[in-house]
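Each chain, letter by letter, is given below.
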Amino acid sequence: MSINKRFFLLITLLLSCFNAQALNLSPFNVRYHVYRGDIHVANSQFSFKQQNSEWVWYMQTSPRGIYSWLTSKKPFAETRIQQPLQEIQLLLEMTGDYPDKPAEQNTWFDHQNKKIYSMNGSQISNLEMKDNIYNYHSVQLLYPLMLEHNETQKTINFYKRGKLIESTLTLEKQVELPSKKDKIIVDKVTQAFKDSNNTMIYYYQGETLAPLKIEQVKPGKDSSVMWRVDSR
C-alpha cells in the first residue's frame, strides 16, 4: 500500500472517530407524559439504540383516562439512520396507529440514486432527495452538532409526510424553563417551518439526546406538550 493511501485511510478513520465523539451518540429509553393544554391525555415511550451499523429511534404513544375509551389507537413511529464517515443519513421512516400491525406509511431514503420513496397504503410516491435532510427524530442530533460548532441558527431540509420543507432551528443557551417545581435551566431549540406559523420547541438538559420537554405550538390552538417523566 502506498504512503498516500495509508495517509488517506488514517485521516478517514480519524474523521470517523471525531464525528462519533462530537455527536456523543448514547442509547436511551425514557417515558413522557403528553398534555393537550393542561390535560394529561397520553403517555409515550421513546427509545434510541444501536443495531449493528444503524441507530434506531422508536416512539409509541398510548391514550390515557377518558381518551383510552375514545380510541384504541397507539400511534408509533420508527426512524433508522446510518452514520457514514462524514454525515448522518436517514435510511427508513415507518409510522402507524397500531404497533402490532404493519406500518401504514413507509419511507425509504435512497442516497445512491438521490430519491425518497414513500408508500402510504397501496400508493407509492417519490421525490428528489436534497442534502441535509432530517425528520422529527433525527432532528435531535442537531442540538449537539450546533453546540459543537458554536452555531445559534441552522437551516435544514425537513422531511414530513412525503414532502421536504425548509426549516430553521434557533438555539438559545441557558434559559429558564417555567415549571411547577424548582427553576429549571435548559438549552432551547426552536424549529420554524417555511410558509407556516407552526413551531416545534425542544428543551434539553443533561447529556441525553432525549429532550426534557417537547412542545408543538399552533396559533389559536392549545399547545401539545411532552414532559420527560424522570426529570419534571
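As the structure is a prediction and not an experimental result, all values here were calculated from the model.

Student: Give me the lowdown on the overall build of the protein chain, citing residues and values where you can.
Tutor: Counting its secondary structure elements, the protein chain contains three helices and 15 strands. Contacts spanning at least 24 positions in sequence make up 36% of the contacts within the protein chain whose residues lie at least 6 apart.

Student: I'd love a proper account of unusual backbone geometry, names of residues and values included.
Tutor: The residue asparagine 132 is not glycine, and still its phi comes out positive at about 60°. With respect to the helices, strands and loops of the structure, asparagine 132 is situated in the loop between β8 (123-128) and β9 (133-134). Residue asparagine 132 is classed as partly exposed on the basis of its relative accessible area, which comes to 31%. The phi dihedral of aspartate 195 falls on the positive side, at around 60°, and the residue is not glycine. With respect to the helices and strands, the residue aspartate 195 is situated in the loop between β12 (184-193) and β13 (199-204).

Student: Describe in detail the side chain of serine 118, supporting the description with residues and values.
Tutor: Along the polypeptide, serine 118 turns up in strand β7 (residues 115-120). Looking at serine 118, its side chain comes within polar contact range of the side chain of glutamine 105, at 3.2 Å. When neighbours within four sequence positions are excluded, serine 118 is seen to be in contact with Gln105, Asn106, Thr107, Gln123, Ile124, Ser125 and Tyr159.

Student: Before we move on, could you go through the environment of threonine 79 and cite the residues and values that matter?
Tutor: Following the sequence through the fold, threonine 79 ends up in strand β4 (residues 76-82). A sequence separation of 25 residues divides threonine 79 from glutamate 54, and the C-alpha atoms of the two residues are 10.0 Å apart. Once you skip the residues sitting within four places of it in the chain, threonine 79 turns out to touch Trp55, Val56, Trp57, Leu90, Leu92, Glu93, Asn135 and His137. Only 2.9 Å separates the side chain of threonine 79 from the side chain of asparagine 135, close enough to count as a polar contact.

Student: Can you tell me about the pairing of β8, naming the residues and giving the values?
Tutor: In this sheet, β8 lies alongside β7 in antiparallel orientation, the contact comprising six bridges. Looking at β8, one finds that tyrosine 117 is bridged to asparagine 126. Where β7 folds back on β8, the antiparallel hairpin that results is connected by two residues, among which glycine 121 adopts a positive phi of roughly 65°.

Student: Which residues make up the confidence of the model for the protein chain, and what values do they have?
Tutor: Predicted confidence across the protein chain gives a mean pLDDT of 85, with 87% of residues reaching 70 or more. Looking over the protein chain, one finds the lowest element-wise mean pLDDT in helix α1 (residues 3-23), namely 40, and the highest in β13, namely 96. Of the regions scoring below 50 in pLDDT, residues 1-22 engages in 14 contacts with residues more than four places distant in sequence or in other chains.

Student: Which residues make up a positive patch on the surface, and what values do they have?
Tutor: A cluster of basic side chains, namely Arg36, Arg161, Lys218 and Lys221, defines a positive patch on the protein surface. If you trace the backbone, arginine 36 turns up in strand β1 (residues 28-36). What makes arginine 36 partly exposed here is its relative accessible area of 47%.

Student: Describe the pattern of salt bridges, with residues and values.
Tutor: Counting across every chain of the model gives six salt bridges. Note that aspartate 97 is salt-bridged to lysine 73, the shortest N-O span being 3.7 Å. You can see aspartate 97 sitting in the loop between β5 (89-96) and β6 (105-110) and its partner lysine 73 sitting in the loop between α2 (66-70) and β4, a full 24 residues away along the chain. Judged by relative accessible area, lysine 73 falls into the partly exposed class, the value being 37%. Three or more residues are tied together by salt bridges with common partners; here these are Glu54, Glu78 and Arg80.

Student: Lay out the packing of aromatic side chains with the relevant residues and their values.
Tutor: For any pair of aromatic rings, geometry is given as the distance between the ring centres together with the angle between the planes. With the rule as written, the count across this model stands at ten aromatic pairs. An aromatic cluster is present here, built from Phe28, Tyr32, Phe46, Phe48, Trp55 and Trp57 joined pairwise through their rings. One cation-aromatic arrangement involves lysine 101 over tyrosine 98; the distance from NZ or CZ to the ring centre is 4.7 Å. Its guanidinium or amino end placed over the ring of phenylalanine 193, lysine 160 lies 5.7 Å from that ring's centre, counting from NZ or CZ.

What counts and what doesn't
Residues numbered from 1 in each chain as written. Predicted model: local features only at pLDDT ≥ 70, side-chain atom pairs only at ≥ 80, totals over all residues. Heavy atoms only, no water. Helix = DSSP H or I, 4+ residues; strand = E, 2+ residues; numbered from the N terminus. Contact = heavy atoms within 4.5 Å. Buried < 20%, exposed > 50% of the residue type's maximum accessible area, 1.4 Å probe, protein only. Polar contact = N/O pair within 3.5 Å; in protein donor to acceptor, adjacent residues only side chain to side chain. Pairing = 2+ DSSP bridges. pLDDT = per-residue confidence, 0-100. Patch = residues over 30% accessible without salt bridge, like charges linked within 9 Å, V, L, I, M, F, W, Y side chains within 5 Å. Areas by Shrake-Rupley, 256 points an atom, 1.4 Å probe, with all protein chains shown as cover. Salt bridge = Lys/Arg side-chain N within 4 Å of Asp/Glu carboxyl O. Lys, Arg positive; Asp, Glu negative; His and termini not counted. Charge placed at Lys NZ, Arg CZ, Asp CG, Glu CD. Phe/Tyr/Trp six-rings, centres within 6.5 Å; stacked < 30°, edge-to-face > 60°. Lys NZ or Arg CZ within 6 Å of the ring centre and 35° of its normal.

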